[in-house]
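Secondary and tertiary structure notes
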Amino acid sequence: MTEPTVNEDQNPLTKPKFIISAVVVAIIVALGVILALVPRGGGTASPEPSSTSTSTSSQPAATSGASVCGLPSGDQAKPATTPADTKWELVGKIAAPTSPTQFGPGKTEANGLRSCFAHSPTGALYAAANMTALSSAGKADLVYQQLAVPSPERDAVLKSSPTAAPNSVTAQLAGFTFRSYEADRAVIDLAFKGANGTFVSIPVPLQWYEGDWKFVVPATGDTGARQLSDLSGYVEWAGV
């Protein structure tokens, strides 16, 4: 794989146009943030938690435990195997899991926005996967405007006009692991597989906020995405 070019002097919140590996670009575009995240030399990563990559600024407290669209909370155990009977829908070119009456999205708007996920570990997993798929389909602005917790970091990203090129992402969800989970906080680590077989890890920090799972923009601007050598430590989960 071509070694990434990293400009360490740029602020990733205001200058999100680094030139890096095509596979990593595709995955990071899927989150709506272009960052130089792969270490020099094509380093790999394991799914252990990282205090720096998932650190967040002080966020507003969760205001409601009930789902904004009435989805049941359901099982509070973190899934350790592939969620049973997963159904998939293409959002752009990425297959996203869907369970409108159990895990979410419970609401799908005319503009394609997918929201309202169950207040449970599996609901958080579905939220992370759907947010990624939405952003890959060119809706990063909607993700940050409506599916992110209000914060100075989110505002900085919005000022940088986050965009994603529609229909350009060729990577697909391949697996997941939970870095952490609490009643109102979660970090879901999604593994994606590029068209050339390369795997990339994307930790997605979430907060239960106003009755739904919302994306938390990390205080560092760095989600902690890294290249993986394989899916060791991940539960394999794919719709394509």
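The structure we're discussing is the one just above.
First, a word on what this report is: a plain description of the structure on this page. (Residues numbered from 1 in each chain as written. Predicted model: local features only at pLDDT ≥ 70, side-chain atom pairs only at ≥ 80, totals over all residues. Heavy atoms only, no water.)

1. Some details on the nonpolar core
One finds I188, L190, L206 and W213 to be the most contacted residues of the largest nonpolar core, which totals 42 residues. Of all the elements in the fold, those that place two or more residues in this core are β2 (94–98), α2 (121–146), β5 (172–181), β6 (185–193), β7 (199–209) and β8 (212–215). Contacts of L206, omitting those with residues within four sequence positions, involve A124, A127, A128, M131, D184, R185, A186, I188, W213, K214, F215 and V216. Grouped together as the second largest cluster of nonpolar side chains are six residues, A174, L228, L231 and Y234 included. (Core = buried A, V, L, I, M, F, W, Y, C linked by side-chain atoms within 4.5 Å. Buried < 20%, exposed > 50% of the residue type's maximum accessible area, 1.4 Å probe, protein only. Helix = DSSP H or I, 4+ residues; strand = E, 2+ residues; numbered from the N terminus. Contact = heavy atoms within 4.5 Å.)

2. Regarding the packing of α2 against helix α3 (residues 152–159)
Remark: α2 packs on α3, axes separated minimally by 10 Å, with the N-to-C direction vectors making an angle of 155°. Classed by the angle they form, the pair α2 and α3 counts as roughly antiparallel. With respect to the hand of their crossing, α2 and α3 are arranged in left-handed fashion. Every residue of α3 that contacts α2 at D141, Y144 and Q145 is listed here: R154, V157 and L158. When grouped by side-chain class, the residues that make up the contact of α2 with α3 number three nonpolar, one polar and two charged. (Axes fitted to C-alpha atoms, helices over the stretch in contact; angles between N-to-C directions. Parallel < 35°, antiparallel > 145°, perpendicular 65-115°, else oblique. Left-handed = near helix turned anticlockwise from the far one by under 90°. Nonpolar A, V, L, I, M, F, W, Y, C, P; charged D, E, K, R; others polar.)

3. Regarding the state of the cysteines
Counted by the stated rule, this structure contains one disulfide. Sulfur-sulfur distance for the disulfide between C69 and C116 comes to 1.8 Å. Taking the torsion about the sulfur-sulfur bond, which here is approximately -85°, the covalent link between C69 and C116 counts as left-handed. Of this pair, C69 sits in the loop between α1 (22–31) and β1 (87–91) while C116 is found in the loop between β4 (114–115) and α2, placing the two residues 47 residues apart along the sequence. (Disulfide = S-S within 2.5 Å.)

4. Topic: the layout of surface pockets
One number sums up the size of the largest pocket: a volume of about 290 Å³. In this structure, the largest pocket is lined by 20 residues; those nearest its centre are A84, S99, Q102, F103 and T122. Among the residues forming the lining of the largest pocket, the class breakdown is eight nonpolar, nine polar and three charged. (1 Å grid on protein atoms, 1.4 Å probe; cavity = no way out; pocket = protein on both sides within 12 Å on 5 of 7 lines; lining within 4 Å. Points joined across faces, edges and corners; volume = space filled by probe spheres on them.)

5. Quick word on unusual backbone geometry
Each neighbour pair has its own omega, and for G104 with P105 the value is 0°, a cis peptide bond. Examined against the element boundaries, P105 turns out to sit in the loop between β2 and β3 (107–108). We note that D85 has phi near 55°; this positive angle belongs to a residue other than glycine. Structurally, D85 is set in the loop between α1 and β1.

6. Things to note about the pairing of β5
The element β5 is largely enclosed, with a buried count of nine among its 10 residues. The hairpin formed by β5 and β6 contains three residues between the paired strands. Relative to strand β10 (residues 235–236), β5 is paired through two bridges, and the arrangement is antiparallel. Along β10, the bridge assignment pairs F176 with V235. (Pairing = 2+ DSSP bridges.)

7. A few points about the side chain of T122
Here T122 lies in helix α2. The contacts of T122, once residues within four sequence positions are left out, are P79 and F103.

8. What to know about α2
The end-to-end C-alpha distance of α2 is 21 Å, clearly below the 38 Å that 26 residues give at a rise of 1.5 Å each. With 21 of 26 residues buried, α2 lies mostly within the body of the structure. (Expected span 1.5 Å × (residues − 1).)

9. Quick word on the packing of aromatic side chains
Applying the stated criterion across every chain yields a total of nine aromatic pairs. Ring centres 5.1 Å apart and planes at 55° place the aromatic pair W88 and W237 in the tilted group. A residue pair is termed long-range when its members are at least 10 positions apart, and W88 in strand β1 and W237 in the segment after β10 qualify at 149 residues. Given a relative accessible area of 24%, W88 falls into the partly exposed group. By relative accessible area, which is 2% here, W237 ends up buried. One aromatic cluster in this structure is built from W88, F103, Y126, F176, F178, Y181, W208, W213 and W237. (Phe/Tyr/Trp six-rings, centres within 6.5 Å; stacked < 30°, edge-to-face > 60°.)

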